[in-house]
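# Observations on the three-dimensional arrangement
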Amino acid sequence: MKSLDQYLHDAEQAHGHLCAGQVLGVRLAMLGLQKLGIDDPRGKDRKRLVTFVEIDRCATDAVAVVTGCRLGKRALKFRDWGKVAATFVDVSTGKAVRIAAKESSKSLARRMHPEIEDKNQQQMLAYREISDDDLFALQWVKVDLPPEEFPGYKSERVVCEACGEGINFRREVRRAGKVLCCACAGEQYYTII
Ligand SMILES: [Zn+2]
Ligand SMILES: [Zn+2]
């Protein structure tokens, strides 16, 4: 594993700026990998890890930088729960750890550095200094990952009987004997104009 500073450098490049969320995300991911004993997530261990993230904010980009898990490799899973938390799954052992940033970290940062007025600067510094135990809550968990959730899984595609668009394995909905895509089954997030 690289050092905190090296990861922060990489995260700044990937994210476009350095912010408190990057520091939190880098440390959160480093702790997750350390707990799983994964020390080369982008090299020899790159097929061992699947990561679930629970927020679409700055910290998520940092988690992706440290873990090397990407949406396009099916190794990064997004749950839109609005929490600064992530679960790291070692698919070679089935061990998984969920780590969440403690809500108290913001007030702790305020207490540690009242001399810094800018919130982001204050938290950026404090989030480097606060211990893992004060910054994060950790749970060992079990994650059911069916074969099609693994990176590299390949299987047939099906075609939606309503709209004709192709759908990757197991993302289809079967209803009244018909194969439908999620949109045609009523789950669309858009309306056609
Ligand atoms: Zn940011
Ligand atoms: Zn359809």
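Predicted model only: the values in this text are computed from it and were never measured.

The next thing to look at is the coordination of the zinc ion (ligand 1). Protein coordination of the zinc ion (ligand 1) is provided by H15 (NE2), H17 (NE2), C19 (SG) and C58 (SG), with donor distances spanning 2.2 to 2.3 Å. Coordination at the zinc ion (ligand 1) is irregular, judged from the four donor atoms that bind it and the angles of 89 to 143° they form at the metal.

Next up on the list: the layout of surface pockets. Here the largest pocket is characterised by a volume of approximately 390 Å³. In terms of lining, the largest pocket is formed by 19 residues, of which the most central are G21, L24, V84, K106 and Y127. For the lining of the largest pocket, the elements supplying multiple residues, two or more each, are α2 (20–36), α3 (58–67), β4 (96–101), α4 (105–112) and α5 (119–129). Classifying every residue of the lining of the largest pocket by side-chain character gives 10 nonpolar, four polar and five charged. Considered as a void within the structure, the second largest pocket measures approximately 320 Å³ in volume. Lining the second largest pocket we find 15 residues, and of these R46, K47, K73, A75 and P151 sit closest to its centre. For the lining of the second largest pocket, the class distribution of residues is seven nonpolar, three polar and five charged.

Another point: the coordination of the zinc ion (ligand 2). By definition of the ideal shapes, a tetrahedral metal site with four donors has angles of 109.5 degrees and an octahedral site with six donors has angles of 90 or 180 degrees. At the metal site, the zinc ion (ligand 2) is ligated by C160 (SG), C163 (SG), C181 (SG) and C184 (SG), and these contacts range over 2.2 to 2.3 Å. Each of the four donor atoms bound to the zinc ion (ligand 2) contributes to angles spanning 102 to 114°, and the resulting shape is tetrahedral. Mapping the donors of the zinc ion (ligand 2) onto the primary sequence gives the spacing C-x2-C-x17-C-x2-C. Placement of the pair is C160 in the loop between β6 (158–159) and β7 (166–167) and C181 in the loop between β9 (178–180) and α7 (183–187), with a sequence separation of 21 residues.

Calculation rules
- Residues numbered from 1 in each chain as written.
- Chains lettered and ligands numbered in written order.
- Predicted model: local features only at pLDDT ≥ 70, side-chain atom pairs only at ≥ 80, totals over all residues.
- Heavy atoms only, no water.
- Donors = N, O, S within 2.8 Å, 3.2 Å for Na, K, Ca; no water.
- Tetrahedral: all angles 85-135°; square planar, octahedral: opposite > 155°, others 65-115°.
- 1 Å grid on protein atoms, 1.4 Å probe; cavity = no way out; pocket = protein on both sides within 12 Å on 5 of 7 lines; lining within 4 Å.
- Points joined across faces, edges and corners; volume = space filled by probe spheres on them.
- Helix = DSSP H or I, 4+ residues; strand = E, 2+ residues; numbered from the N terminus.
- Nonpolar A, V, L, I, M, F, W, Y, C, P; charged D, E, K, R; others polar.

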